[in-house]
Amino acid sequence: QVQLVESGGGLVQAGGSLRLSCTASGSIFRIYVMAWYRQALGKQRELVAQITGGGTTKYADSVEGRFTITRDNAKNTAYLQMNNLKPEDTAVYYCNADLGTYYSSRNNYWGQGTQVTVSS
C-alpha cells in the first residue's frame, strides 16, 4: 500500500558530495514528517536529519552544516544533500516517513536503504 524508495547512494571520496532521494508512493493522504536515518555496520540506527510539513529541520550534530534535508510535498519526495563527506558517514541510509493514507491513520514507514561509502 505504501512504499518508500531511496536512490542516490554510491561510492565517493572524502570531501565529495552525494544527493539522496526518497519517494513515497501509494494511497497517501498526507506526509507529516520525513527523515533520514543511517546505520553503520555493527552500530545502531541513528537519526541523521528530519523535516516536518512546516519545514522545521533537525540534524545530528555530526552532520550539522554539511547535510541539508529538503522535501517536495507535491512529489512526496525528500532529499538529503550531503556535502564534505567523511569516512565516518559510511553507512546504509534509510528513509522514514510518518504519514497517513486514505485507508488508515498515520503510521511510520521505512525504505529499503541505500549504501553510502566514503573512502579516505
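Residues numbered from 1 in each chain as written. Predicted model: local features only at pLDDT ≥ 70, side-chain atom pairs only at ≥ 80, totals over all residues. Heavy atoms only, no water.

Undergrad: Which parts of the structure should I look at to understand the environment of Q39?
TA: Summarising the element assignment, Q39 is placed in strand β4 (residues 28-39). Between the C-alpha atoms of Q39 and A91, which are 52 residues apart in sequence, the distance is 5.3 Å. If we skip the residues at most four places from it in the chain, Q39 touches Q44, R45, A91, V92 and Y94. Looking at Q39, its side chain comes within polar contact range of the main-chain oxygen of K43, at 3.1 Å. At a separation of 3.4 Å, a polar atom in the side chain of Q39 contacts the side chain of R45. (Helix = DSSP H or I, 4+ residues; strand = E, 2+ residues; numbered from the N terminus. Contact = heavy atoms within 4.5 Å. Polar contact = N/O pair within 3.5 Å; in protein donor to acceptor, adjacent residues only side chain to side chain.)

Undergrad: Whenever I open this one, the nonpolar core confuses me. Can you help?
TA: A general trend in soluble globular proteins is that nonpolar side chains are found buried together. Within the largest apolar cluster, 31 residues are counted, with the highest numbers of intra-cluster contacts made by M34, W36, V48, F67, L80, M82 and Y93. Broken down by secondary-structure element, the contributors of at least two residues to this core are β1 (2-7), β3 (18-26), β4, β5 (46-52), β7 (67-72), β8 (77-82), β9 (91-101) and β11 (114-119). With five residues, β9 is the single largest residue contributor to this core. (Core = buried A, V, L, I, M, F, W, Y, C linked by side-chain atoms within 4.5 Å. Buried < 20%, exposed > 50% of the residue type's maximum accessible area, 1.4 Å probe, protein only.)

Undergrad: Help me understand the sheet that holds β7, please; the structure alone is not making it clear to me.
TA: Either a parallel or an antiparallel arrangement is found when strands of a sheet pair, and the pairing is made through backbone hydrogen bonds. Taken in spatial order, the four strands make up an open sheet running β1-β3-β8-β7, and their pairing is antiparallel. Unpaired on one side and paired on the other, β1 and β7 mark the two borders of the sheet. Each strand of the sheet is rotated relative to its neighbour by a mean of 15 degrees, with strand direction disregarded. Sheet topology note: the β1/β3 ladder contains six bridges and is antiparallel. Within β3, the position partnered with Q3 by the bridge is S25. (Pairing = 2+ DSSP bridges. Axes fitted to C-alpha atoms, helices over the stretch in contact; angles between N-to-C directions.)

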